[in-house]
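# Secondary and tertiary structure notes
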Amino acid sequence: MNEENYLMWLSRTLNCGLPKMWELIEYFGSAEEIYKAGKYDLLMAAGDRDGESLFEASKDGSIEKYMEELEKSGAKYIGYFNEIFPKRLKNIDDCPLGIYYKGSLPDENDRIVSMIGSRKCTEYGKQATMKLAYDLAAEGVVIVSGMALGIDSYSAVGTLKAGGSAVAVLGTAIDKCYPVSNRKLYEAIPERGGCVISEYGPGEETYSSSFSMRNRLIAGLSDVLVVVEAEIKSGTAITVKYAEKYGRIVMAVPGSIFSRYSEGTNNLIRKGCPAALCCGDVLKALEPETDGQQEEKPKRKPEKKTTENRKSETKKPAANGTAPAGMSPEESAVDMALKRGKDSFEEIAAVTGIDEKRLRSVLTMMEIKNMISRMPGQRYIRL
């Protein structure tokens, strides 16, 4: 077994929310260590209910069951720490532990546009979506949608007609096509070079809230989010909020002032969103910044590496005892504390003044960068 199997097991065992799962991984060092931990340690770290659930699940054969179900479904699972896990998703603060997929994941260098809108779209919305998706796909742009009825489905259809790559993000288990009427689309997307993605495993139960969670992945995967048709109060507003939160560009296709299905998009434009009148408008938005200013990237979760990966790491910190170039102020403060002989977690927290929760993240990242090494008893040494 590898870390991805344990990540899959953890995500299906706990129903406590992503933040707590990430905290447990940070506390134990990996999902594998959580799986192998003793009952006392689990109860202390996760609480009575979750700790008991984790301990029982580590003994009941569920991990083997999940692996068998995955193989039968024809899907694959990729964990956060895998180097080919979509980096755009790594840059969002509520990234899943891993994702299930069928087909081929988009490349890091691909230009990606998400297209969303009303399920009950008009003929105008359908034609605008098909045209825009077709033209963008013909230019090599990957098109992401939720594969719902209406705008989502038509964006995928337009992409496939152009011979392009489509990505469909599901709000259901990876082996469940919803709506059922999109079965052909569900099968065609991976067969023609794209992929179907879900954070829910084969046979896993999902709820109405799962579709809202799905929307953050649609926004997170994209460089640009295009809203084609939407009412003022609609589910697209959730995806737009996620896109804005993640620093993605949001564009809107203008519509008739007489159609309630265009009230949402027209309102976005009124508020300052760029209008997407044609493929060229979106392509221009995809162009990299040329003013010489480097865009600040969103904060990322620490990319934990296995012991084997750390040994094979070729980029090492400076060996002369000085702080490596690019060290953050917090990392520099920790480095200075260790130089002064303050090597326990409590001592480092007291000397640096860094909040304990934040300090755990800083120390984890410094471990990953091979700046420090954690010793028994929560003590640290400089490397």
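Structure's up top.
So, a few notes on the structure that sits alongside this text. (Residues numbered from 1 in each chain as written. Predicted model: local features only at pLDDT ≥ 70, side-chain atom pairs only at ≥ 80, totals over all residues. Heavy atoms only, no water.)

### Comments concerning the overall build of the chain
Formally: Counting from the N terminus, the helices are the DSSP runs of H or I reaching at least four residues and the strands are the DSSP runs of E reaching at least two. Only protein chains enter the accessibility calculation, which uses a 1.4 Å probe. A residue is then buried if its area is under 20% of the maximum for its type, exposed if over 50%, and partly exposed in between. We call two residues contacting when some pair of their heavy atoms lies within 4.5 Å. Residue exposure ignores everything except the shown protein chains as possible cover, and the areas themselves are Shrake-Rupley values with a 1.4 Å probe.
Within the chain, the regular secondary structure consists of 18 helices and 10 strands. Every one of the 383 residues in the chain was classed for burial, and the buried ones make up 49%. Taking the contacts inside the chain whose residues are at least 6 apart along the sequence as the reference set, 69% of them involve residues at least 24 apart. Just so you have it, the chain exposes about 19300 Å², and 49% of that area is on carbon and sulfur atoms.

### Comments concerning the environment of M130
Checked against the element boundaries, M130 lands in helix α8 (residues 123-138). For the pair M130 and S153, spaced 23 residues apart in the sequence, the C-alpha separation amounts to 9.4 Å. In this structure, M130 is in contact with Y154, V157, G158 and K161, ignoring residues within four places of it in sequence.

### Quick word on the nonpolar core
Applicable threshold: Here, nonpolar core refers to any group of buried Ala, Val, Leu, Ile, Met, Phe, Trp, Tyr and Cys residues whose side-chain atoms link them within 4.5 Å.
Membership of the largest hydrophobic core comes to 73 residues, with the highest contact counts inside it found for W9, L10, I34, L54, L97 and I189. Considering each element in turn, this core owes the most residues, 6 residues, to helix α2 (residues 18-28). Filtering out sequence-adjacent residues up to four positions away, L54 remains in contact with W9, L10, T13, L14, L24, I34, L42 and A46. One finds L132, I151, A276 and L286 within the second-largest nonpolar core, a separate group that totals 19 residues.

### Here we look at unusual backbone geometry
Across the junction of Y178 and P179, the peptide omega takes the value 0°, indicating a cis bond. Assignment of secondary structure puts P179 in the loop between β5 (166-169) and α10 (183-191). With a phi angle near 60°, M147 is a residue other than glycine that sits in the positive phi range. Topologically, M147 is positioned in the loop between β4 (142-145) and α9 (151-161). When its relative accessible area of 0% is taken as the criterion, M147 is described as buried.

### What to know about helix α16 (residues 329-339)
Our working definition: Here the arc refers to the set of directions running from the helix axis out to each C-beta atom.
Buried within α16 we find E331, V334, D335, A337 and L338. The arc that holds every buried residue of α16, seen down its axis, measures 160°, which confines them to one face. Looking one or two residues beyond α16, the residue adopting positive phi is G341, at roughly 85°.

### Details of the packing of helix α1 (residues 3-13) against helix α6 (residues 62-73)
Where we set the bar: Orientation is described by axes fitted as lines to C-alpha atoms, over the contacting stretch for helices, and by angles from 0 to 180 degrees between their N-to-C directions. We call two directions roughly parallel when the angle between them is under 35 degrees, roughly antiparallel when it is over 145, roughly perpendicular when it lies between 65 and 115, and oblique otherwise. Amino acids outside the nonpolar list (Ala, Val, Leu, Ile, Met, Phe, Trp, Tyr, Cys, Pro) and the charged list (Asp, Glu, Lys, Arg) are all regarded as polar, and Gly is one of them.
Where α1 meets α6, the axes come as close as 10 Å, and the angle between the chain directions of the two elements is 105°. Considered as vectors, α1 and α6 are oriented roughly perpendicular to each other. For the pair formed by α1 and α6, the contact residues are N5, Y6, M8, W9 and R12 on the first element and S62, I63, Y66, M67, E69 and L70 on the second. Classifying every residue of the contact of α1 with α6 by side-chain character gives 7 nonpolar, 2 polar and 2 charged.

### Looking at the pairing of strand β3 (residues 112-116)
Which entries qualify depends on this criterion: Should DSSP find at least two bridges between two strands, the strands are taken to pair. For crossovers, right-handed means that the path from the first strand over the helix to the second runs clockwise, given strands pointing away from the viewer.
Where burial is concerned, most of β3 is hidden: 5 out of the 5 residues are buried. Across the two faces of β3 the burial is the same, with I112, S114 and I116 and V113 and M115 all buried. Summarising the sheet, β3 and β4 pair through 3 bridges and their orientation is parallel. If you follow I112 over to β4, its bridge partner there is V142. Chirality of the crossover, the property in question, places the unit of β3, α8 and β4 among those that are right-handed. Across 4 bridges, the pairing between β3 and strand β7 (residues 224-227) is parallel. Within the sheet, the bridge partner assigned to V113 lies in β7 and is V224.

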